[in-house]
Amino acid sequence: MAPGKGSAMYATMHRQPDDLRRVLADGWPIARAVGDAVASTRQCWLVGIGTSFHASLAGRWMLREFGVNAHAVTSFDFAAYPEAYPVGPGDSVLLLSHSGARQYSKAALERAASSGANVFSVGGQTAEHPGSGIVLRTTEQETSATFTSSHLAAMTVLAQVSAGAAEAANDPRRDAHEASIDRLPEQVAAVLAREDELLALAERCQSAHTYAVGAGPGEAAALEAVIKCREAAHVRIDALPLEQFIHGPMICLQPEDQVLLVRASGAAAQREADAAQLFATLGSAVFEVGDTTTGFSVPATRETLSPILMTVPMQILAHHLAMLKGIDPDTFRTHEPRFGEAIGALNL
């Protein structure tokens, strides 16, 4: 299928508000139950790979806000290095996998199920997660290789779980937190309606080397920009946590480069403002996404929920880039012999 508004990626992006409405309409009881269970465990491991690992990073912030000892780890590390990530009775594991079909997602789930921990998972409507005590469902399986709605839905499910943890802890912020979660579908729709505002950024990204950076919860959205833009449009874009970028890789910045800076209100706000000035002084263009009046603003929400909204502009940017470059964003290049043969020989 030709890129553009006829792609599966585009259609899936724009069904996200409805997908989130359904997740919220159907998922609160089970998410509250999982949140209650997670709140009483010694530690909670959030496990995923690729986009699902970025959801794990976002979920870690959501759960830690309400006192859960949450850790994010990749499926490979969790499965292959049990001595480094000890888990057992008294712990909980939340595995995230769109389909449940990936090798190390399966291995991580098997390890969790054999450990005696409480095991939960987040996956698509038809995902198979053997060993999971409860599967929190997100969306139907996507036909585009650039997972969009399932990722946003997974983060929303984790937000619901964190609301359950807040309720279990009798946290006074729980009602405001839940109200913010219920507003997400309309806020996502508002961001999608402004897709044309990101076209100029996409045009610059075609020729400029782009660095996406974010701090605190915003780091997850910056990292997601790399997966989406590289998968959809094969562009040169890199991402790092803001402070990691400043402490070394920043010296590679050239005047023709640009920095995509994820801005969130909260503890990182002043550091992000200082960084924006630093990058501009070095001569690089700075484009801000999030809590900003000079770039692409997203609706206000709780800081720990902001990765859900700030990921949507990254999806739009990736799709714009694919359209501009004439690349089909849906295929993962498996139709090309070089990629198709190589990927086919590897057990993902």
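Refer to the preceding data block for the structure.
Visitor: Even after reading the chapter, I still don't get the side chain of Thr 138, so can you show me in this structure?
Guide: The residue Thr 138 is located in the loop between strand 5 (134-137) and helix 6 (149-168) in this model. Relative accessible area serves as the criterion here: at 2%, Thr 138 is assigned to the buried category. Here Gly 124 takes part through its backbone nitrogen, which lies 3.5 Å from a polar atom of the side chain of Thr 138. Not counting chain neighbours up to four residues away, the residues in contact with Thr 138 comprise Arg 22, Val 23, Val 122, Gly 123, Gly 124, Gln 125, Ser 150, Ala 153, Ala 154 and Val 157.

Visitor: Explain the sheet that holds strand 10 (residues 296-297) to me, please; I cannot follow it from the model alone.
Guide: Pairing is parallel across the open sheet formed by five strands, whose spatial order is 7-6-8-9-10. On the outer flanks of this sheet lie strand 7 (237-241) and strand 10, each paired with one strand and no other. Examined bridge by bridge, strand 8 (residues 258-263) and strand 9 (residues 285-290) share six bridges and lie parallel to one another. Its bridge partner lying in strand 9, Val 259 is registered against Val 286. The strands touched by helix 10 (residues 218-233) are strand 6 (210-214), strand 7 and strand 8; relative to strand 7, the strand with the most contacts, the crossing angle is about 160 degrees.

Visitor: I would appreciate a short explanation of the packing of aromatic side chains in the present structure.
Guide: The geometry of an aromatic ring pair comes down to the distance between the two centres and the angle between the two planes. What the rule picks out here adds up to six aromatic pairs. For the pair Phe 76 and Tyr 104, a centre-to-centre distance of 4.8 Å together with 75 degrees between the ring planes defines the contact as edge-to-face. Residue Phe 76 is located in helix 4 (residues 75-80), and its partner Tyr 104 is located in helix 5 (residues 103-113); the two are separated by 28 residues in the primary sequence. Judged by relative accessible area, Tyr 104 falls into the partly exposed class, the value being 31%. Aromatic pair Tyr 211 and Phe 245: ring centres 5.2 Å apart, planes at 40 degrees, arrangement tilted.

Visitor: Explain the nonpolar core to me, please; I cannot follow it from the model alone.
Guide: Ranked by internal contacts, the top residues of the largest apolar core, which has 75 residues, are Leu 63, Leu 94, Leu 136 and Leu 260. If we skip the residues at most four places from it in the chain, Leu 260 touches Leu 201, Thr 210, Tyr 211, Ala 212, Val 213, Ala 225, Phe 287, Val 289, Met 314 and Leu 317. The next biggest cluster of nonpolar side chains, apart from the first, holds 14 residues, and it includes Val 213, Leu 253, Val 259 and Ala 276.

Visitor: Looking at this structure, how should I read the pattern of salt bridges?
Guide: For side chains bearing opposite charge, pairing can occur when the charged atoms are close. With the rule as written, the count across this model stands at 17 salt bridges. The shortest N-O distance in the salt bridge between Glu 197 and Arg 194 comes to 3.0 Å. Taking relative accessible area as the criterion, Arg 194 reaches 22% and is therefore assigned partly exposed. In this structure, the salt-bridge partner of Arg 230 is Asp 238, at a minimum N-O distance of 3.2 Å.

Visitor: Help me out: how do you make sense of the packing of helix 2 (residues 16-39) against helix 8 (residues 184-192) in this one?
Guide: When two helices pack together, you describe them by how their axes are tilted relative to each other and by the distance separating the axes. Put simply, helix 2 and helix 8 touch, their axes get as near as 8 Å, and they point 175 degrees apart. For the element pair helix 2 / helix 8, the angle class is roughly antiparallel. Counted together, Gln 16, Pro 17, Leu 20, Arg 21 and Leu 24 of helix 2 and Pro 185, Glu 186, Val 188, Ala 189 and Leu 192 of helix 8 form the full contact between these two elements. Looking at the contact of helix 2 with helix 8 residue by residue, the class counts come to seven nonpolar, one polar and two charged.

Visitor: Would you mind going over the pairing of strand 7 with me for this structure?
Guide: Strand residues, when the strand is regular, have side chains that alternate between the two faces of the sheet. Bridge analysis of strand 6 against strand 7 gives five bridges, and the strand direction is parallel. Within strand 7, the position partnered with Thr 210 by the bridge is Ile 237. For the segment spanning strand 6, helix 10 and strand 7, crossover handedness is right-handed.

Visitor: I would appreciate a short explanation of the sheet that holds strand 1 (residues 44-48) in the present structure.
Guide: Strands pair in a sheet through their backbones, by hydrogen bonds, and they do so in one of two ways: parallel or antiparallel. The sheet built from five strands is open, its strands ordered 2-1-3-4-5 with parallel pairing. The outermost strands of the open sheet, each flanked by one partner alone, are strand 2 (70-74) and strand 5. Averaged over all pairs of adjacent strands, the angle between strand axes in this sheet comes to 20 degrees, irrespective of strand direction. Here five bridges tie strand 3 (residues 92-96) to strand 4 (residues 118-123), and the two strands are oriented parallel to one another. Bridge assignment links Leu 94 to a residue of strand 4, and that residue is Phe 120. Against the sheet, helix 2 contacts strand 1, strand 3, strand 4 and strand 5, and its axis sits at roughly 145 degrees relative to strand 5. Packing against the sheet, helix 6 makes contact with strand 1, strand 3, strand 4 and strand 5, and its axis sits at approximately 160 degrees to strand 3.

Visitor: Quick question: what am I supposed to make of the state of the cysteines here?
Guide: Joining two cysteines, a disulfide is a covalent bond between their sulfur atoms. Applying the stated rule across the entire model yields zero disulfides. Cysteine Cys 205 is unpaired, with the sulfur of Cys 229 as its nearest cysteine sulfur at 6.5 Å.

Visitor: Just checking my understanding: could you explain the packing of helix 3 (residues 51-64) against helix 6 for this structure?
Guide: Two numbers describe how helix 3 lies on helix 6: the axes approach to 9 Å, and their chain directions differ by 25 degrees. Judged by the inter-axis angle, helix 3 sits roughly parallel to helix 6. Between helix 3 and helix 6 lies a crossing whose hand is right-handed. When helix 3 is examined against helix 6, the residues Thr 51, His 54, Ala 55, Ala 58, Gly 59, Met 62 and Leu 63 are found in contact with a partner set consisting of His 151, Met 155, Leu 158, Ala 159, Val 161, Ser 162 and Ala 165. Within the contact of helix 3 with helix 6, the residues separate by chemical class into nine nonpolar, five polar and no charged.

Conventions we followed
- Residues numbered from 1 in each chain as written.
- Predicted model: local features only at pLDDT ≥ 70, side-chain atom pairs only at ≥ 80, totals over all residues.
- Heavy atoms only, no water.
- Helix = DSSP H or I, 4+ residues; strand = E, 2+ residues; numbered from the N terminus.
- Buried < 20%, exposed > 50% of the residue type's maximum accessible area, 1.4 Å probe, protein only.
- Polar contact = N/O pair within 3.5 Å; in protein donor to acceptor, adjacent residues only side chain to side chain.
- Contact = heavy atoms within 4.5 Å.
- Pairing = 2+ DSSP bridges.
- Axes fitted to C-alpha atoms, helices over the stretch in contact; angles between N-to-C directions.
- Phe/Tyr/Trp six-rings, centres within 6.5 Å; stacked < 30°, edge-to-face > 60°.
- Core = buried A, V, L, I, M, F, W, Y, C linked by side-chain atoms within 4.5 Å.
- Salt bridge = Lys/Arg side-chain N within 4 Å of Asp/Glu carboxyl O.
- Parallel < 35°, antiparallel > 145°, perpendicular 65-115°, else oblique.
- Nonpolar A, V, L, I, M, F, W, Y, C, P; charged D, E, K, R; others polar.
- Right-handed = clockwise from strand over helix to strand, strands pointing away.
- Disulfide = S-S within 2.5 Å.
- Left-handed = near helix turned anticlockwise from the far one by under 90°.

Taken by themselves, the reported measurements are silent on function.
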